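# Summary of structural features
In case you want the letters, here they are:
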Amino acid sequence: YDKAIVIARKTHNDFGISLIYINLGMAYCEKGEFLKGLDYFQRAKDMKEQMQDREGVAIALISIGNVYSYFMNQPLRAITFYKDGAKLAKEMNNKRVLQNTYTAMSESYLKLNDYKNAYEYYKLLSEVKDTILNIESSKQITEMQTKYESEKKEKEIQLLTKDKEIQQSEAQQQKIIRNSFIVASLLALLLALVLFNRYLIKKKANQKLPEQNAQI
């Protein structure tokens, strides 16, 4: 991570640095070093604010809340960060972030034995889940419809192409038949001319024959 941070800083990659901070925060929390984890999540939040990355700020706030609620058993303090994260998520209409936030808030209120608020956020969570499900269902329906229309159009194109090929084939056959008829007609005419010419020659020969016999 240290090398990655050095490289990211040299290239002024603030987005990369903020991701490294998030990963370091998670790594330290998994090792049980929660204060170090909080420090890196806070750094990530500050950098996301400078970048005006509101979604990133919301995620960092939720991450801080998770450390307090799940690792340090301070759900009341965690709720403060969750509320700030939820506010940003609402403004962005980011359902996924809201889903994670409402889940954590409901569980935090349960830890405080505040069943009323736990239930209220559970209801909000259910509403968000339903909205996400509806959005995904609509998206799937749209994708299926688009796919159906695309396949339908492709089949229509294939049919039109096939029809065109059939028409071209039939036209070609008709052309061959027509040309064959023309050739046959010309051959028949030529044969008729040859036969007629022979007939004339034979007729002239027959007319000359009596004259030759008389001379003899």
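As shown above, the structure is provided for reference.
Nothing here was measured: the structure is a model prediction, and the numbers come from that model. (Residues numbered from 1 in each chain as written. Predicted model: local features only at pLDDT ≥ 70, side-chain atom pairs only at ≥ 80, totals over all residues. Heavy atoms only, no water.)

### A closer look at the side chain of Asn94
Going by this rule: Under the scheme used here, helices are H or I runs from DSSP no shorter than 4 residues and strands are E runs no shorter than 2 residues, and both carry numbers assigned from the N terminus. Polar contact criterion, stated in full: a pair of N or O atoms within 3.5 Å, where within protein one must be able to donate a hydrogen and the other to accept it, and residues adjacent in sequence count only if both atoms are side-chain atoms. By the convention used here, residues are in contact when the closest approach between their heavy atoms is within 4.5 Å.
Considering the arrangement of structural elements, one finds Asn94 in the loop between helix H5 (75-92) and helix H6 (95-111). Among the polar contacts listed, one links the side chain of Asn94 to the backbone nitrogen of Val97, at a separation of 3.1 Å. Beyond its immediate chain neighbours, meaning those up to four positions away, Asn94 contacts Glu55 and Ala89.

### Quick word on the packing of helix H3 (residues 34-50) against helix H4 (residues 54-71)
Rules: For helices, the axis comes from a line fit to the C-alpha atoms of the stretch in contact; other axes are also lines fit to C-alpha atoms, and the angle between any two N-to-C directions lies between 0 and 180 degrees. Oblique is the label for any angle not covered by the other classes, which are roughly parallel (under 35 degrees), roughly antiparallel (over 145) and roughly perpendicular (65 to 115). Handedness of a helix crossing follows the sense of rotation of the near helix relative to the far helix, less than a right angle counterclockwise being left-handed and clockwise being right-handed.
Running from amino to carboxyl end, H3 crosses H4 at an angle of 165°, the nearest separation of the two axes being 8 Å. Comparing their axes, H4 and H3 come out roughly antiparallel. The handedness of the crossing between H3 and H4 comes out as left-handed. Listed contacts from H4 to Phe34, Leu38, Phe41, Gln42, Ala44, Lys45, Lys48 and Glu49 of H3 are Gly56, Val57, Ala60, Leu61, Ser63, Ile64, Val67, Tyr68 and Phe71.

### Topic: the packing of aromatic side chains
The line we're drawing: For Phe, Tyr and Trp, rings pair up if their centres lie within 6.5 Å, where Trp contributes its six-membered ring, and each pair is then called stacked (planes under 30 degrees apart), edge-to-face (over 60) or tilted (otherwise). Relative accessibility decides the category of a residue: with a 1.4 Å probe and only protein chains considered, values under 20% of the type maximum give buried, values over 50% give exposed, and everything between is partly exposed.
Inspection of every chain in the model, using the stated rule, returns six aromatic pairs. Seen in terms of ring centroids, Tyr28 and Tyr40 are 5.6 Å apart; in terms of plane orientation they differ by 5°. Their pairing is stacked. With Tyr28 in helix H2 (residues 14-30) and Tyr40 in helix H3, this pair connects stretches of sequence that are twelve residues apart. Ring geometry for Phe34 and Phe71: centres 5.4 Å apart, planes at 35°, overall tilted. Of this pair, Phe34 sits in helix H3 while Phe71 is found in helix H4, placing the two residues 37 residues apart along the sequence. When its relative accessible area of 41% is taken as the criterion, Phe71 is described as partly exposed. What links up through ring pairs into an aromatic cluster is the set Tyr21, Tyr28 and Tyr40.

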